[in-house]
Amino acid sequence: EIDLIEEVARMHGYDNIPVTFPMMSSDTAAHDPSIKLHDQSCAIMIGMGFSEIITYSFVSPDSADKLGAAEDSYLRSFVRLQNPLTLDQSVMRTSMLPGLLDTIKQNIDNGEQDLKFFEWGNIFIRRDNEPLPAEKIVLAGIMTGSYEQKVWYNTVRDTDFFDIKGAVEVLLKSLG
């Protein structure tokens, strides 16, 4: 069938076929609540001084060990890739933290100390007796170093638990 259509088009002349675009609703994104939530969340995080990063969804199987996950933790419910390029990218992530922590480490190794990062993305949890994993959208953030830059009228203090707690409270309150 496809070959016949192609042959008719070739004989009629490709230049004689009018160009048309597929029918699409221009307001599809406006009705998708997840897109609105993503945009609002990212704007709030950026407003608090965070920078958005995007890390790989493929991670190393020892990422759960780095997080100190228990043997029966969902953090070890990896979806294994059939043909991974490397062992360091052989499973799908079950948490955003390994990617965030690796990014923090790389920045600290390069002399950057005062960092605020966040990532919005999917995590993948293997389900027993199911062909596809549970896929969840999550937002994760991380802070390190001084809370704010030194200026003449304030003292420098390190980021602490209450700064992180405050960022979570601002995010949740702003989202309603």
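Residues numbered from 1 in each chain as written. Predicted model: local features only at pLDDT ≥ 70, side-chain atom pairs only at ≥ 80, totals over all residues. Heavy atoms only, no water.

### Some thoughts on the sheet that holds strand 4 (residues 115-125)
Two pairing modes exist for strands in a sheet, parallel and antiparallel, and in both the strands are linked by backbone hydrogen bonds. Spatially, 3 strands are ordered 1-4-5 in an open sheet, and the strand pairing comes out mixed. Each edge of the open sheet is held by one strand with a lone partner, namely strand 1 (51-52) and strand 5 (134-144). Sheet analysis places strand 4 next to strand 5, joined by 11 bridges and oriented antiparallel. Note that in strand 5 the partner of Phe-124 across the bridge is Glu-135. Lying over the sheet, helix 4 (residues 97-109) contacts strand 4 and strand 5, oriented at roughly 150° with respect to strand 4. (Pairing = 2+ DSSP bridges. Helix = DSSP H or I, 4+ residues; strand = E, 2+ residues; numbered from the N terminus. Contact = heavy atoms within 4.5 Å. Axes fitted to C-alpha atoms, helices over the stretch in contact; angles between N-to-C directions.)

### With respect to the packing of aromatic side chains
The final tally for this structure, using the stated rule, is 1 aromatic pair. Ring centres of Phe-161 and Phe-162 lie 5.3 Å apart, and the angle between their planes is 80°; this geometry places the pair in the edge-to-face category. The pair Phe-161 / Phe-162 is uniform in exposure class, with both members exposed. The lysine or arginine in question, Lys-116, covers the ring of Phe-50, its NZ or CZ lying 5.9 Å from the ring centre. When the ring centre of Tyr-147 is taken as origin, the NZ or CZ atom of Lys-116, which lies over that ring, is 4.7 Å away. (Phe/Tyr/Trp six-rings, centres within 6.5 Å; stacked < 30°, edge-to-face > 60°. Buried < 20%, exposed > 50% of the residue type's maximum accessible area, 1.4 Å probe, protein only. Lys NZ or Arg CZ within 6 Å of the ring centre and 35° of its normal.)

### Examining the pattern of salt bridges
Going through the model one piece at a time under the given rule, you end up with 8 salt bridges. Between Arg-10 and Glu-7 there is a salt bridge, with the nearest N and O atoms lying 2.3 Å from each other. On the criterion of helical spacing, the pair formed by Arg-10 and Glu-7 is a turn pair, its members being 3 residues apart in helix 1 (residues 2-12). Since its relative accessible area comes to 48%, Arg-10 is described here as partly exposed. For Glu-7, a relative accessible area of 35% gives the class partly exposed. Lys-105 is the salt-bridge partner of Asp-109, the closest N and O atoms lying 2.8 Å from each other. Of this pair, Asp-109 and Lys-105 both sit in helix 4, 4 residues apart, which is roughly one turn of the helix. Shared partners join several salt bridges into a network, and the residues in it are Asp-65, Glu-71 and Arg-76. (Salt bridge = Lys/Arg side-chain N within 4 Å of Asp/Glu carboxyl O.)

### Quick look at a negative patch on the surface
Side chains of Glu-112, Asp-114, Asp-158 and Asp-160 sit close together on the surface and give a patch of like negative charge. Along the polypeptide, Asp-160 turns up in the loop between strand 5 and helix 5 (161-175). On the basis of relative accessible area, Asp-160 is assigned to the partly exposed category, the value being 34%. (Patch = residues over 30% accessible without salt bridge, like charges linked within 9 Å, V, L, I, M, F, W, Y side chains within 5 Å. Areas by Shrake-Rupley, 256 points an atom, 1.4 Å probe, with all protein chains shown as cover. Lys, Arg positive; Asp, Glu negative; His and termini not counted. Charge placed at Lys NZ, Arg CZ, Asp CG, Glu CD.)

### Some remarks on unusual backbone geometry
Positive phi is not limited to glycine here, since Asn-129 has a value of about 60°. Considering the arrangement of structural elements, one finds Asn-129 in the loop between strand 4 and strand 5. On the accessibility criterion, Asn-129 (80% relative accessible area) is exposed.

By themselves, these figures tell us nothing about what the structure is for.
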